[in-house]
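Report on the structure
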Amino acid sequence: EVGPALLLLLKEQSKHEWLWIAMEALSDSYGHLLVFFVEYCDVDLWLDAGHNHSDDYWNPGGRLVFVVPA
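Residues numbered from 1 in each chain as written. Predicted model: local features only at pLDDT ≥ 70, side-chain atom pairs only at ≥ 80, totals over all residues. Heavy atoms only, no water.

According to the stated counting rule, one finds one aromatic pair in the structure shown. Here the aromatic rings of W20 and F37 are separated by 4.5 Å at their centres, their planes lie at 40 degrees, and the arrangement is tilted. One end of the pair, W20, is in strand β1 (residues 18-21); the other, F37, is in strand β3 (residues 33-41), and 17 residues separate them in sequence. The pair W20 / F37 is uniform in exposure class, with both members buried. (Phe/Tyr/Trp six-rings, centres within 6.5 Å; stacked < 30°, edge-to-face > 60°. Helix = DSSP H or I, 4+ residues; strand = E, 2+ residues; numbered from the N terminus. Buried < 20%, exposed > 50% of the residue type's maximum accessible area, 1.4 Å probe, protein only.)

With that out of the way, let us pick up the nonpolar core. Counting residues in each nonpolar core, the largest one holds six residues, listed as L6, L19, I21, V38, L45 and V65. Not counting residues up to four positions away in its chain, the partners in contact with L6 are L19, I21, V38 and V65. (Core = buried A, V, L, I, M, F, W, Y, C linked by side-chain atoms within 4.5 Å. Contact = heavy atoms within 4.5 Å.)

On to the environment of F36. Position of F36 relative to the elements: it lies in strand β3. Looking at F36, the relative accessible area reads 30%, which means it is partly exposed. Along the backbone, F36 and E24 are twelve residues apart, and their C-alpha atoms lie at a distance of 9.8 Å.

Here is the structure:
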């Protein structure tokens, strides 16, 4: 629920900036682990999902989003 809520709350986001949601990864139909991220794509914000491999690196334009329970 964090990814869609963040997408609705954001009014502006820098181009080439990714906001990765700190979450338990979801498995797609191929068994790849995915996590949600919000990105500015051309003219609008998008909620997308990306691969989460243990040997991946983080793009310097990306930031992690954490939610602290109340």
